[in-house]
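Next come the chains, spelled out residue by residue.
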Amino acid sequence: MAAETVPPIARKGLDAQGYIEREGSLGRIPQPFRPGVAAARDRVLDLFGPRLHSAYLYGSIPRGTARAGRSDLDLLLALRDEPTDADREGVRELGEALDKEFPQIDGVGTLLYSRDLLLSGLERHDLGWFVACLCTPLLGDDLAEYLPRYRPDALLARETNGDLALLLPRWRERIEAADSDETRTRLVRFMSRHLVRTAFTLVMPRWNGWTSDLTEMAEVFGAYYPERAEQLRPAAVLGHTPTADTAVLRTYVDDLGPWLADEYTRVHGTKTPR
């Protein structure tokens, strides 16, 4: 059997023992975003008080790659008890206030979970991995201390993105319901990013590395699936600079998405049901 072609991008994102290195740090936050992050930290603490176990940043801001006026502020909050609908409404209002007050931020997204869920066995290789490897501690006791170290293996691939087939019907419903260019643009951005990340984790165990850069993800994927490379490269671009083109969304749910879901199931199986 011929040896597999080595991808043109050097493997990265792992430590000397082959574990995924944690991304981001507070020291990498670009200066324009620091006031917004400070305000988010203070207001999250005001909102939840002693119920807040810990708070984290993730995404481009703690990685130091955020662009003023174009990048969103992403937060993950861990509560000591189960979040309520009132809690979710509170973080939604908080995000809207931060978005209006700080023009360098283009939207605020907040994930809200209980500490117990994030540390549960069911979420060990999904939300747990997300906290341990992709989140930067902002407040409280870092949950990564209670989680294992992670390798870019098939188990991680299955449990992070092995549910695309279940998501596609919901995506079609969201496309049908989209009634404005703003909504369609947000869908293109979200679905582009999700598909590129899923395509990357499909090949991640073979590449044996980690990156959160959408362009690199598309290039790594393309080295293993050259027949689909020209679909992933534009998707990586649209993940940063989306359009409101409904044809793009249709391609995602009628062609690229179904193919990727089938191939993912064939290679890694399906995600453990939640």
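Refer to the preceding data block for the structure.
About the thresholds
Residues numbered from 1 in each chain as written. Predicted model: local features only at pLDDT ≥ 70, side-chain atom pairs only at ≥ 80, totals over all residues. Heavy atoms only, no water. Helix = DSSP H or I, 4+ residues; strand = E, 2+ residues; numbered from the N terminus. Rg over C-alpha atoms; globule rule 2.2 N^0.38 Å. Buried < 20%, exposed > 50% of the residue type's maximum accessible area, 1.4 Å probe, protein only. Contact = heavy atoms within 4.5 Å. Areas by Shrake-Rupley, 256 points an atom, 1.4 Å probe, with all protein chains shown as cover. Core = buried A, V, L, I, M, F, W, Y, C linked by side-chain atoms within 4.5 Å. Pairing = 2+ DSSP bridges. Axes fitted to C-alpha atoms, helices over the stretch in contact; angles between N-to-C directions. Expected span 1.5 Å × (residues − 1). Right-handed = clockwise from strand over helix to strand, strands pointing away. Disulfide = S-S within 2.5 Å. Polar contact = N/O pair within 3.5 Å; in protein donor to acceptor, adjacent residues only side chain to side chain. Salt bridge = Lys/Arg side-chain N within 4 Å of Asp/Glu carboxyl O.

Trainee: Run through the overall build of the protein, naming residues and quoting values.
Mentor: Scanning the protein from N- to C-terminus turns up 11 helices and four strands. Against the globule reference of 19 Å for 274 residues, the protein gives a C-alpha radius of gyration of 19 Å, in line with a compact fold. Seen along its three principal axes, the alpha-carbon backbone of the protein occupies a region of about 60 × 45 × 35 Å. Expressed as a percentage of the 274 residues in the protein, the buried residues total 50%. For the protein, the proportion of contacts with a sequence separation of at least 24, taken over those separated by at least 6, is 77%. Summed over all atoms, the accessible surface of the protein reaches about 13,000 Å², with 51% contributed by carbon and sulfur.

Trainee: Tell me what's going on with the nonpolar core, and back it up with residues and numbers.
Mentor: Ranked by internal contacts, the top residues of the largest apolar core, which has 59 residues, are Leu76, Trp129, Trp171, Trp210, Phe221 and Tyr252. Sorting elements by how many residues they give to this core places helix H8 (residues 181–207) first, with 11 residues. Ignoring sequence-local partners within four residues, the contact set of Trp171 consists of Leu164, Phe190, Met191, His194, Leu195 and Val253. Grouped together as the second largest cluster of nonpolar side chains are 24 residues, Ala55, Ile61, Ala66 and Leu73 included.

Trainee: Could you give an account of the sheet that holds strand S4 (residues 135–140), naming the residues involved and the relevant values?
Mentor: Taking strand neighbours across the sheet as the criterion, the four strands line up as S3-S2-S1-S4 in an open arrangement whose pairing is mixed. Only two strands of the sheet have a single partner each, and these edge strands are strand S3 (105–114) and S4. For this sheet the average axis-to-axis angle between neighbouring strands, irrespective of direction, equals 25°. Here strand S1 (residues 52–58) runs beside strand S2 (residues 71–79); their pairing, made up of six bridges, is antiparallel. Note that in S2 the partner of Tyr58 across the bridge is Asp74. Contacting S1, S2, S3 and S4, helix H1 (residues 34–48) crosses the sheet at an angle of about 30° to S2. Against the sheet, helix H3 (residues 85–101) touches S2 and S3, its axis set at about 160° to S3.

Trainee: Go over the pairing of S1 with me, naming the residues and quoting the values.
Mentor: Most of S1 sits inside the fold, with seven of its seven residues counted as buried. Bridge analysis of S1 against S4 gives five bridges, and the strand direction is antiparallel. When the sheet's bridge partners are listed, Leu57 is paired in S4 with Thr136.

Trainee: Which residues make up helix H7 (residues 164–177), and what values go with them?
Mentor: Between its first and last C-alpha atoms H7 spans 20 Å; for 14 residues at 1.5 Å apiece the expected length is 20 Å, and the two agree. Every buried residue of H7 is listed here: Leu164, Leu167, Leu168, Trp171 and Ile175. Buried residues belonging to H7 abut helix H6 (154–161), H8 and helix H11 (246–268).

Trainee: Summarise the pairing of S3; cite the residues concerned and give the values.
Mentor: By the bridge criterion, eight bridges tie S2 to S3 in an arrangement that is parallel. Each residue of the ladder has a partner; that of Leu79, found in S3, is Ser114. With H3 bridging S2 and the parallel S3, this β-α-β connection has right-handed handedness.

Trainee: Describe unusual backbone geometry, and please don't skip the residues or the numbers.
Mentor: Within the chain, Asn208 stands out as a residue other than glycine whose phi angle is a positive 60°. Mapped onto the fold, Asn208 is located in the loop between H8 and helix H9 (214–224).

Trainee: If you had to explain the state of the cysteines to someone new, which residues and values would you point to?
Mentor: Scanning the entire structure with this criterion turns up zero disulfides. Cysteine Cys133 is unpaired, with the sulfur of Cys135 as its nearest cysteine sulfur at 9.6 Å. Owing to a relative accessible area of 3%, Cys133 belongs among the buried residues under this scheme.

Trainee: Describe the side chain of Asp72, and please don't skip the residues or the numbers.
Mentor: Mapping Asp72 onto the fold places it in strand S2. A polar side-chain atom of Asp72 sits 3.4 Å from a polar atom in the side chain of Arg189. When residues no more than four places from it in sequence are discounted, the contact partners of Asp72 are Ile61, Ile105, Asp106, Gly107 and Arg189.

Trainee: Describe the pattern of salt bridges, listing the residues and the values that go with them.
Mentor: Under the definition given, this model contains 26 salt bridges. Of the charged contacts in the structure, one is a salt bridge between Glu123 and Arg274, with a shortest N-O distance of 2.9 Å. Taken together, the positions of Glu123 in the loop between helix H4 (115–118) and helix H5 (127–134) and Arg274 in the segment after H11 put the pair 151 residues apart, joining distant regions of the chain. By relative accessible area, Glu123 is classed as buried at 7%. When the shortest N-O distance is used, the salt bridge between Arg186 and Glu182 registers 3.9 Å. Here the residue Arg186 and the residue Glu182 both occupy positions in helix H8, the gap between them amounting to four residues, near one helical turn.

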